[in-house]
Amino acid sequence: MTESLAHSVRHRAGLLCEYCRLPESASAAAFEIDHIIARKHGGATALDNLAYSCFYCNSAKGPNIAGIDSESGIITRLFHPRQDVWSDHFRWDGAVIVGRTPIGRATIQVLNVNLPDMIALRRLLSDEGLMVDEANSI
């Protein structure tokens, strides 16, 4: 991947994880560029298949492209930052991310975005005015 492509991915994301909305500046671990559709599934290293991801979300997601919706039990594709709008699939309940749709619920489960430590971190960041959503606050 070229530095120019990596810069474009970071810039487009506004230095936020495109899955859990964690600001890069609040993470001790370096952010990564995720292949939304993993290379092993035929995903290209191209701007429309790349997302900026915190280490935690990217590690949990791995090459997964689907999960199981916790309400229906049906296999459901994961959130695709290039095709989906975050607020259509997720909403904030304080520092907890809640799935609005099967895609949101499956993504939350696969990426483990609501582990207690992550909720605590988002709560702290929110109290400091550093946690943002689509409308720039939670």
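Right above here is the structure, for reference.
Residues numbered from 1 in each chain as written. Predicted model: local features only at pLDDT ≥ 70, side-chain atom pairs only at ≥ 80, totals over all residues. Heavy atoms only, no water.

A.B. asks: What is the right way to look at the overall build of the protein in this model?
C.D. replies: Counting its secondary structure elements, the protein contains five helices and six strands. Its helices and strands in sequence order give the protein the pattern α-β-β-α-β-β-α-β-β-α-α, from N to C terminus. Against the compact-globule benchmark of 14 Å for 138 residues, the protein has a radius of gyration of 14 Å, which places it among compact chains. Taking the principal axes of the C-alpha coordinates as reference, the protein spans close to 40 × 35 × 25 Å. Per-residue burial for the protein yields a buried fraction of 43% across its 138 residues. Once local pairs closer than 6 in sequence are excluded, the contacts in the protein between residues at least 24 apart make up 57%. Looking at the protein, you have 13 positive and 16 negative side-chain charges, and the mean spots of the two groups are 4 Å apart. (Helix = DSSP H or I, 4+ residues; strand = E, 2+ residues; numbered from the N terminus. Rg over C-alpha atoms; globule rule 2.2 N^0.38 Å. Buried < 20%, exposed > 50% of the residue type's maximum accessible area, 1.4 Å probe, protein only. Contact = heavy atoms within 4.5 Å. Lys, Arg positive; Asp, Glu negative; His and termini not counted. Charge placed at Lys NZ, Arg CZ, Asp CG, Glu CD.)

A.B. asks: Would you mind showing me how to read the packing of aromatic side chains here?
C.D. replies: Any two aromatic rings considered together are summarised by their centre-to-centre distance and by the angle between their planes. By the definition in use, this model includes six aromatic pairs. Taken together, a centroid distance of 5.7 Å and an interplanar angle of 85° make the contact between Phe 55 and Tyr 56 edge-to-face. One aromatic cluster is present, built from ring pairs that chain together Tyr 19, Phe 79, Trp 86, Phe 90 and Trp 92. Lying across the ring of Trp 86, Arg 21 places its NZ or CZ 6.0 Å from the centre. (Phe/Tyr/Trp six-rings, centres within 6.5 Å; stacked < 30°, edge-to-face > 60°. Lys NZ or Arg CZ within 6 Å of the ring centre and 35° of its normal.)

A.B. asks: Help me out: how do you make sense of the pattern of salt bridges in this one?
C.D. replies: Pairing is possible between side chains that carry opposite charge, provided their charged atoms lie close to one another. Under the defined criterion, the tally for this structure stands at six salt bridges. Among the ionic pairs, Asp 69 bridges to Arg 105, the shortest N-O distance being 2.6 Å. Of this pair, Asp 69 sits in the loop between strand E3 (66–68) and strand E4 (75–77) while Arg 105 sits in helix H4 (residues 102–111), and the two are 36 residues apart along the sequence. In this structure Arg 105 comes out as buried when scored by relative accessible area, which is 15%. Of the charged contacts in the structure, one is a salt bridge between Asp 84 and Arg 77, with a shortest N-O distance of 2.8 Å. Classification of Arg 77 as partly exposed rests on a relative accessible area of 36%. A cluster of three or more residues bridged by salt bridges with shared partners is formed by Asp 69, Glu 71 and Arg 105. (Salt bridge = Lys/Arg side-chain N within 4 Å of Asp/Glu carboxyl O.)

A.B. asks: When you look at the side chain of Ser 27 in this model, what are you seeing that I'm missing?
C.D. replies: Among the secondary structure elements, Ser 27 is positioned in the loop between helix H1 (3–13) and strand E1 (32–35). Since its relative accessible area comes to 16%, Ser 27 is described here as buried. Here Ala 29 takes part through its backbone oxygen, which lies 2.8 Å from a polar atom of the side chain of Ser 27. When residues no more than four places from it in sequence are discounted, the contact partners of Ser 27 are Leu 22 and Tyr 56. (Polar contact = N/O pair within 3.5 Å; in protein donor to acceptor, adjacent residues only side chain to side chain.)

A.B. asks: Can you walk me through helix H5 (residues 116–127) in this structure?
C.D. replies: Along an α-helix, a turn takes 3.6 residues, which lines up residues three or four apart on a common side. Along its 12 residues, H5 runs 16 Å from first to last C-alpha, staying within 8% of the 16 Å computed at 1.5 Å per residue. Of all the residues in H5, the buried ones are Met 118, Ile 119, Arg 122 and Leu 125. The arc that holds every buried residue of H5, seen down its axis, measures 130°, which confines them to one face. Residues Pro 116, Asp 117 and Asp 127 are exposed on H5 and point more than 90 degrees away from its buried face. (Expected span 1.5 Å × (residues − 1). Arc of directions from axis to C-beta.)

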